[in-house]
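# Per-entry structural report
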Amino acid sequence: MSGENSRNNISRKDFLRYMAIIAGSTITASQYIACSEKRDKYGHITSRISGASAKAGHMMRDNVFQTPTHTKEYDAVIIGGGVAGLAAARMLHHRGMNNYRLLELESHTGGNASFGSNKYSAFPLGAHYLPIPNTDNQPLLDMLAEAGILTGYNSNGLPVYNETDLCYDPEERLYIHDRWQEGLIPQLGTTKTTQQELKRWLDEMQQLRAIRGTDGRYAFDIPIANSSVDPAFRELDNINMRTYLQQKGYQSEELYWYLDYCCRDDYGAGIDIISAWAGIHYFASRKGKAANADNSQMLTWPQGNGRLVQHLQQFSKEKTLQQTIVYKVTPQGNRVAIDYYDMRLHTTQRIIAKACILATPQFVTQRLIPGGTYDHDFVYSPWLVANITLDRVPESSGYQLCWDNVIYRGKSLGYVYAQQQQLTQVQPERQVVTYYLPLDHLDPVSSRKYAIALEPQQWVKLITDDLEKVHPGIHEVIRDVDITVWGHGMIRPHTGFITGAARAAAQSSPYKNIFYAHSDLSGVSIFEEAFYHGNKAANALADYCS
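Now for a quick tour of the structure. Only a predicted model underlies this, so the values are computations on that prediction, with no experimental measurement involved.

## Re the environment of Ala290
Within the secondary structure, Ala290 sits in the loop between α10 (276–284) and β11 (298–299). According to the relative accessible area criterion, Ala290 is buried, its value standing at 11%. The spacing of Ala290 and Ile132 is 158 residues in sequence and 7.4 Å in space, taken between C-alpha atoms. For Ala290, the residues in contact, after removing those within four places along its chain, are Ile132, Leu158, Pro159 and Tyr161.

Next comes the structure, spelled out in structure tokens:
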């Protein structure tokens, strides 16, 4: 759903300040006016903003609803149609529970794994890949097999993946020293000392992948609930990633940049914010193996993780009520009342169920349950994702166009070539790339405020100017920019959060027939964690109702 109606006009002064902070450049007052009135060199570019409906979210927050006028009864209700909610619906289906409803705020399910499309390509609106899963994550492997992505196992028991679902070559490149190099780890122009440090880091991560704690668990695992609670590892959550690197004697600028990029990519904040435990988890938790792919390879699609969402959606398609604002969840003995506002019918309604799953982030969950108090230790990173349609991606010096294209020391994370996975030998009429920008240049609240206020043409200038650094003149071939702003894009595992009291307290609800399911319960916003919590909550609900 479009969030445009909830945006406030931003003053010229604030716009100039924010552009300078986020883009690392200046903009004149005349450029601001031209940008706002589309009288500049970007005037031919069409654009729009979509994203999570801030207006609807604020209605829920302010609770401006009347007493429900209609009541229905079901065995169960799932609130929230992101990956966790969809996974819960699938599990209820497999457990034989079909008398339920899934309530979703937006006009579609999928959460930050949603996708869009135009006449040239499908494209992600958020999450865009799934690393090769760990071989002991059987529930996830079973789902991938069910979806036809995992096609079987070889004689050694290793998964075989559909070749068209594995990321095609060439996979990754980095723009550094005025040219593109293959791979994302800086190599071009680096010193021997830097190369030695990079190798030492990779060797250290390889060792940490295999190490176990005194409880016999891997130190770093997926889902996080399977990770060791050995204090020798968990204490790493009490320092940030930069401090860890300094303590280990790392000094390379290139290594610091690379790890900062990785943290911003998965968590929406850099090494000064993210805990060392979470920063290492990014590397050491991945132990995937496959018969026909390297363990570092990705599963990806033109629509990103929308491919996985499409599979999950089928289990709740006929049971989903979209554009519904759930504003109160009230336990009533062995029942629970769910009150919601139907934005299409403009009516307030109530469902009485045996149990429900809150597949919602904590800042929503705690507003819904009686006496809920939101703990602000749960911090969410705002994001911008822009899908750019252009005549062609301009050539530039060095390595060829890849699936992932990153700019060294850039404010953004670069762009993904959305059409890389298309099965065609014919050059598309136009090309589509997906640009990712974590809005971590100010604190999350301030970034969220400014991001929602900017107009589409202002974002177009910021995005285009960033891409001009590696593709001079690219503004001439850009035709359209589809912008998605995620005000609360992902949970941020800041220092102390993984092992902190707030996350521990959120793991279970105080009510026997209300269950929680969301990736923020893990502290890491990845598909595997949302899928895990959806399955866990659905199984608990099914056991309760049986």
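## Section: the nonpolar core
Ranked by size, the top nonpolar core spans 57 residues in total, and within it Trp201, Tyr244, Leu259 and Ile280 carry the most contacts. Of all the secondary-structure elements, those providing two or more residues to this core are β9 (172–176), α6 (192–210), α8 (241–247), α9 (253–267), α10, β16 (380–390), β19 (431–438) and β20 (478–491). Those residues in contact with Leu259 that lie beyond four places of it in its chain are Trp201, Met241, Leu245, Ile271 and Phe283. Core analysis: the next-biggest nonpolar cluster, separate from the first, contains 44 residues, Ala87, Ala147, Leu312 and Ala359 among them.

## Considering the pairing of strand β15 (residues 347–358)
Judged by how many residues are buried, β15 sits mostly within the fold: nine of 12 residues are covered. Connecting strand β14 (residues 335–342) to the next strand, β15, in antiparallel fashion are four residues, including His346 with a positive phi near 55 degrees. Both β15 and strand β21 (residues 514–516) contribute to a ladder of three bridges, which runs parallel. The partner of Leu358 across the bridge, within β21, is Tyr516.

## A closer look at the pattern of salt bridges
Using the criterion set out here, one finds 16 salt bridges in the structure. For Arg264, the salt bridge identified is with Asp440, shortest N-O distance 2.8 Å. Separated by 176 residues along the polypeptide, Arg264 in helix α9 and Asp440 in the loop between β19 and α13 (444–453) bring together distant segments of the chain. Of the residues examined, Arg264 reaches a relative accessible area of 7% and is grouped as buried. Using a relative accessible area of 22% as the deciding quantity, one classes Asp440 as partly exposed. When salt bridges that share partners are traced, they join Arg48, Asp480 and Asp482 into one network.

The rules behind these values
- Residues numbered from 1 in each chain as written.
- Predicted model: local features only at pLDDT ≥ 70, side-chain atom pairs only at ≥ 80, totals over all residues.
- Heavy atoms only, no water.
- Helix = DSSP H or I, 4+ residues; strand = E, 2+ residues; numbered from the N terminus.
- Buried < 20%, exposed > 50% of the residue type's maximum accessible area, 1.4 Å probe, protein only.
- Contact = heavy atoms within 4.5 Å.
- Core = buried A, V, L, I, M, F, W, Y, C linked by side-chain atoms within 4.5 Å.
- Pairing = 2+ DSSP bridges.
- Salt bridge = Lys/Arg side-chain N within 4 Å of Asp/Glu carboxyl O.

Note that every value here comes from positions in space, so none of it alone points to a role or purpose.
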